[in-house]
Amino acid sequence: GYDRPMHATLTDLFAHMAWADAEHWRSISGHPGSLDDPELQERLRHIALVQSAFLDVLHGQVPRLPRPGEEPPLQELLRAVRRSHDEAAAFLAEVGPRLE
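Our subject in this report is the structure included herewith. (Residues numbered from 1 in each chain as written. Predicted model: local features only at pLDDT ≥ 70, side-chain atom pairs only at ≥ 80, totals over all residues. Heavy atoms only, no water.)

### Looking at the overall build of the protein
No. 1: Across its full length, the protein holds 3 helices and 0 strands.
No. 2: Reading the protein from its N end, one meets helices and strands in the order α-α-α.
No. 3: Dimensions of the protein, computed from C-alpha atoms along their principal axes, come out at roughly 45 × 30 × 25 Å.
No. 4: Taking all 100 residues of the protein together, 28% fall into the buried category.
No. 5: Within the protein, contacts between residues separated by at least 24 positions form 67% of all contacts whose residues are at least 6 apart in sequence.
No. 6: With an accessible surface of roughly 7,000 Å², the protein has 58% of that area assigned to carbon and sulfur atoms.
No. 7: Computed over 10 positive and 16 negative side-chain charges, the separation of the two mean positions in the protein equals 3 Å. (Helix = DSSP H or I, 4+ residues; strand = E, 2+ residues; numbered from the N terminus. Buried < 20%, exposed > 50% of the residue type's maximum accessible area, 1.4 Å probe, protein only. Contact = heavy atoms within 4.5 Å. Areas by Shrake-Rupley, 256 points an atom, 1.4 Å probe, with all protein chains shown as cover. Lys, Arg positive; Asp, Glu negative; His and termini not counted. Charge placed at Lys NZ, Arg CZ, Asp CG, Glu CD.)

Structure representation (structure tokens):
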């Protein structure tokens, strides 16, 4: 069976998410014009939305979803992604003892 503490699993998942996001945004930002690609913009927004929704669910909240056409500009999205990583770290610190 799988007997690893949930806190350790979530910590690893959130750490990988932060690393992957940093690599993703760094790679894309290194190619001028890539952020102008509508398909890439849609994928970046989708990734950020799923991550944010997952964190909302972990907090016992209904996911906050933007209405179609109200998606944030990419620079604002990047700031939101960074805030999401901070929120994930705060969540893990808060619930850590209960998940061991």
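### Some thoughts on the nonpolar core
No. 1: With 9 residues, the main nonpolar core is built from W25, I28, L35, L44, A48, L74, L77, L78 and V81.
No. 2: Contributing elements (two or more residues each) for this core: α1 (6–29), α2 (38–58) and α3 (74–99).
No. 3: Sequence-distant contacts of W25, defined by excluding residues within four places in its chain, comprise L35, L44, L74, L77, L78 and V81.
No. 4: Counting 8 residues, the second-largest nonpolar core is a separate cluster that includes F14, L55, F91 and L92. (Core = buried A, V, L, I, M, F, W, Y, C linked by side-chain atoms within 4.5 Å.)

### Considerations on α1
No. 1: Compared with the 34 Å implied by 1.5 Å per residue over 24 residues, the 34 Å span of α1 between its first and last C-alpha is a close match.
No. 2: Taken residue by residue, α1 has H7, T9, L10, F14, M17, D21, W25 and I28 as its buried positions. (Expected span 1.5 Å × (residues − 1).)

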